[in-house]
Amino acid sequence: MLAALTQVPVTVSPVRRLPQLFAGLWLYGASMALQIRATLGLDPWDVLHEGLTKITGLSFGTITALVGVVVLLCWIPLRQRPGVGTISNVVVIGLAVDVTLALLPTPAGLLPRILFLTAGIVLNGLAAAVYIGARLGPGPRDGLTTGFCARTGTSLRLVRTVVEVTVLAVGWLLGGTIGVGTVLYAVTIGPLTQAFLPLVTWVSARPAA
């Protein structure tokens, strides 16, 4: 897991790592759309995004990208270095969530909504691990998490949970929607991401003896 906290230049195994990066980012945006369409409560960052969307009238994807830019400023005291993955995160996730929302209908009935929510949360944890594991630079939001982990030695699970709960409170104050899905996401996303990360983290091949 610690390997995923360290960036590797994009020139190293780009054919292997770039597709993993973009697949992870697109799936992350799709997972956001699943949770939105479930209408059972948004994940903490999307509670914030929704609140800002209500205030500004901008699309969900546009707000997601703009918040990503603002969060990058918080990297300065953590001495985090943006990479290809960082910039791609701002662009791809915002596009993916708007495209998926345009294609994905709101399910009718409680059971389909529960399935959308469950799929969205699990896919979100997997997608985050996939693009972080490409080691091309974390996204703006995950850069906060990995930055704290690298600087303090605290587990990814704990730091991510603290960040999500803080964002949730701010988003609620701005008018974002909170529900059972919000609580479920907040308590499971850290463990999910930490569980998936060792399975998808790119590790450089050792030279033959």
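Explain the packing of aromatic side chains to me, and be specific about the residues and the numbers.
Each aromatic ring pair is described using two quantities: the centre-to-centre distance and the angle formed by the ring planes. Per the counting criterion, the structure on display carries 1 aromatic pair. Here the aromatic rings of Tyr28 and Tyr131 are separated by 5.8 Å at their centres, their planes lie at 70 degrees, and the arrangement is edge-to-face. One end of the pair, Tyr28, is in helix H1 (residues 14–38); the other, Tyr131, is in helix H5 (residues 110–133), with 103 residues separating them in the sequence. With relative accessibility at 8%, the residue Tyr28 sits in the buried group. Residue classification places Tyr131 among the buried positions, given a relative accessible area of 1%. The positively charged end of Arg17 is found above the aromatic ring belonging to Trp202, 4.8 Å away from the centroid.

Residue-level account of the side chain of His49, with values.
Mapping His49 onto the fold places it in helix H2 (residues 44–56). Accessibility expressed as a relative area gives 1% for His49, which makes it buried. Here Arg141 takes part through its side chain, which lies 3.4 Å from a polar atom of the side chain of His49.

Could you give me a rundown of the packing of H5 against helix H8 (residues 180–200), with the residues and numbers involved?
Their axes nearest at 8 Å, the elements H5 and H8 cross at an angle of 40 degrees. By the criterion of interaxial angle, the relationship of H5 to H8 is oblique. By crossing handedness, the relation of H5 to H8 is classed as right-handed. The segment H5 lies against H8, with Leu117, Ile121, Val122, Asn124, Gly125, Leu126, Ala128, Ala129, Val130, Ile132 and Gly133 engaging Gly181, Leu184, Tyr185, Thr188, Ile189, Leu192, Thr193, Phe196, Leu197 and Val200. Residues that form the contact of H5 with H8 fall into these classes: 15 nonpolar, 6 polar and no charged.

An account of the packing of H2 against helix H3 (residues 60–72) is needed here, citing residue identities and associated values.
Orientation of H2 relative to H3, taken along the N-to-C sense of each, is 115 degrees, at an axis distance of 9 Å. In terms of orientation, H2 lies roughly perpendicular with respect to H3. Crossing hand, H2 versus H3: right-handed. Packed against H2, whose contacting residues are Trp45, Asp46, Leu48, His49, Glu50, Leu52, Thr53 and Thr56, the element H3 presents Phe60, Ile63, Thr64, Val67 and Val71 at the interface.

Basis of the calculations
Residues numbered from 1 in each chain as written. Predicted model: local features only at pLDDT ≥ 70, side-chain atom pairs only at ≥ 80, totals over all residues. Heavy atoms only, no water. Phe/Tyr/Trp six-rings, centres within 6.5 Å; stacked < 30°, edge-to-face > 60°. Helix = DSSP H or I, 4+ residues; strand = E, 2+ residues; numbered from the N terminus. Buried < 20%, exposed > 50% of the residue type's maximum accessible area, 1.4 Å probe, protein only. Lys NZ or Arg CZ within 6 Å of the ring centre and 35° of its normal. Polar contact = N/O pair within 3.5 Å; in protein donor to acceptor, adjacent residues only side chain to side chain. Axes fitted to C-alpha atoms, helices over the stretch in contact; angles between N-to-C directions. Parallel < 35°, antiparallel > 145°, perpendicular 65-115°, else oblique. Left-handed = near helix turned anticlockwise from the far one by under 90°. Contact = heavy atoms within 4.5 Å. Nonpolar A, V, L, I, M, F, W, Y, C, P; charged D, E, K, R; others polar.

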